[in-house]
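# Coordinate analysis (summary)
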Amino acid sequence: MIPVLISVGAAIICIVIAFIFMKIVTRKRKKEGKLTKKRQVFITCVSALLLYVVSGSIYFSIYTHAGEKALQYMQSDDAVKVSEVDTGYFFDGPGTENVLIFYPGAKVDEKAYAQLMHELAADGTDCYLLSMPLHMAFMAPGKAGRVVDKGEYENYYIAGHSLGGAMIAGYVADNADKLAGAIFLAAYSIRRLPDSLSVAVINASNDGVVEWDAIKKNEKNLPKDAMQVVIEGGNHSQFGDYGFQKGDNEATISADEQIRQTKEAIDSLIKQAS
């Protein structure tokens, strides 16, 4: 619903701007003769379309890149083999029963979450780090199905950060019978999730980006025994490694510590659900 509203809003803005442009062109042509109504509509439509395409291309081409530390975790080592697959990247550790599928935040390079994925895999939970079209999870909210439907693992978990977390909600609600659990990082579910599903919501106390009111409002959609974790001193940006996000608050703990506590909470959920 949100992606549709954003697209419609952008389209309306482009049409308004195009209409103003057409009026300016019409006024300048008064001395040369008025444009017909049909031609005015044509100019407005073409201008709006061009503006929509160009502005959209510019907007989606700008995204935050993974930091150098995160890129180090994109390398294979003795414990974890990292490989590029058709859905993104696969972190293959010693485990064989559990797998986590991860949706990145909006306009964030998926590799920014490599440290969390690598450390989870090293301790027995293989991870699929999904690549999203235009780095926006709402472009492929059901992409987890391409991993789940293979049926290669006993237990499937799905997680997402920020917009990525919001986008897993629909898939989780519609496919709860295929999943062992879901993890929301600085995110919330707008769909009602079954009480039979193991769910964790992990937030950070200094998060200046997340909508705290929305998180509270949508708690009713979580299972009754959902795990609620607040990382004291953490912020929105340090769930990954992509720099400081605009609107966020400064963290008072290190990024490593926030990742450690995030992993600990995820491990706890998996141990509880498996």
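The paragraphs below set out a description of the structure included in this document. (Residues numbered from 1 in each chain as written. Predicted model: local features only at pLDDT ≥ 70, side-chain atom pairs only at ≥ 80, totals over all residues. Heavy atoms only, no water.)

### What to know about the nonpolar core
Where we set the bar: Nonpolar cores are built from buried Ala, Val, Leu, Ile, Met, Phe, Trp, Tyr and Cys residues. Side-chain atoms within 4.5 Å join them into one set. Between buried and exposed lies partly exposed: a residue is buried under 20% and exposed over 50% of the maximum accessible area for its type, with that area taken using a 1.4 Å probe on protein chains only. Should any heavy atoms of two residues lie within 4.5 Å, those residues are considered in contact.
Ranked by internal contacts, the top residues of the largest apolar core, which has 40 residues, are Phe 91, Leu 100, Phe 102, Leu 116, Met 117, Ile 183 and Ile 202. If sequence neighbours within four positions are ignored, Leu 100 has contacts with Met 117, Leu 120, Thr 125, Asp 126, Cys 127, Tyr 128, Tyr 157, Ile 158, Ala 159 and Ile 183. Tyr 128, Met 132, Leu 179 and Ala 182 belong to the second-largest nonpolar core, a separate cluster that totals 32 residues.

### Details of unusual backbone geometry
Spelled out, the test is: We count a stretch as a helix when DSSP gives it H or I for four or more residues in a row; a strand needs E for two or more, and each element gets its number in order from the N terminus.
The phi dihedral of His 135 is positive, around 60°, even though this residue is not glycine. Tracing the chain through its elements places His 135 in the loop between strand 4 (125-130) and helix 5 (145-148). By relative accessible area, which is 17% here, His 135 ends up buried. With a phi angle near 50°, Ala 186 is a residue other than glycine that sits in the positive phi range.

### Considerations on the packing of helix 4 (residues 114-122) against helix 8 (residues 255-273)
Which entries qualify depends on this criterion: Comment: axis = line fitted to C-alpha atoms, over the contacting stretch for helices; angle = value between 0 and 180 degrees taken between N-to-C directions. Every angle not falling under 35 degrees, over 145, or within 65 to 115 is termed oblique; those three ranges are roughly parallel, roughly antiparallel and roughly perpendicular. Crossing chirality is assigned from the near helix's rotation relative to the far helix, an anticlockwise turn below a right angle marking it left-handed and a clockwise turn marking it right-handed. All residues other than Ala, Val, Leu, Ile, Met, Phe, Trp, Tyr, Cys, Pro, Asp, Glu, Lys and Arg, Gly among them, are scored as polar; the first ten of these are nonpolar and the last four charged.
One can describe the packing of helix 4 onto helix 8 by two numbers: an axis separation of 10 Å at closest approach and a directional angle of 45°. Regarding the angle of helix 4 to helix 8, the classification is oblique. The chirality of how helix 4 crosses helix 8 is right-handed. In this structure, helix 4 uses Gln 115, Leu 116, Glu 119 and Leu 120 to contact helix 8, whose residues at the interface are Asp 256, Ile 259, Thr 262, Lys 263, Ile 266 and Asp 267. For the contact of helix 4 with helix 8, a count of residues per class yields four nonpolar, two polar and four charged.

### Focus: the packing of aromatic side chains
Between two aromatic rings, the relevant description is the distance of the centres plus the angle of the planes. The following threshold applies: Stacked, tilted and edge-to-face pairs are distinguished by plane angle, under 30 degrees for stacked and over 60 for edge-to-face with tilted covering the rest, among Phe, Tyr and Trp rings (Trp via its six-membered ring) whose centres lie within 6.5 Å.
Using the criterion set out here, one finds four aromatic pairs in the structure. The interplanar angle of 50° and the centroid separation of 6.5 Å between the aromatic rings of Tyr 113 and Tyr 242 together place this pair among those described as tilted. Of the two residues, Tyr 113 sits in the loop between strand 3 (98-103) and helix 4 while Tyr 242 sits in the loop between strand 8 (227-231) and helix 8, which places them 129 residues apart along the sequence. The residues Tyr 113 and Tyr 242 share a single accessibility class, namely buried.

### So, helix 8
Test applied: Residue count minus one, scaled by 1.5 Å, sets the expected span of a helix. Each C-beta atom gives one direction from the helix axis, and the arc is the one those directions make.
Between its terminal C-alpha atoms helix 8 stretches 27 Å, which fits the 27 Å expected from 19 residues at 1.5 Å a residue. Taken together, the buried positions of helix 8 are occupied by Gln 258, Ile 259, Thr 262, Lys 263, Ala 265, Ile 266, Leu 269 and Ile 270. Projected down its long axis, helix 8 shows its buried positions confined to an angular sector of 160°, all on one face.

### Points about the pairing of strand 6 (residues 181-185)
Heads up, the condition is: Two strands qualify as a pair provided DSSP detects at least 2 bridges between them. The crossover handedness rule: strands pointing away from the viewer, path from first strand over the helix to second strand clockwise, crossover right-handed.
Burial analysis of strand 6 places five of its five residues in the buried class, the great majority of the element. Covered by surrounding structure in strand 6 are Gly 181, Ile 183 and Leu 185 together with Ala 182 and Phe 184, the residues of both alternating faces. Where strand 5 (residues 155-161) and strand 6 come together, five bridges link them in parallel fashion. Bridge pairing links Ala 159 to Ile 183 in strand 6. In this fold, the crossover linking strand 5 to strand 6 by way of helix 6 (residues 163-174) has right-handed handedness.

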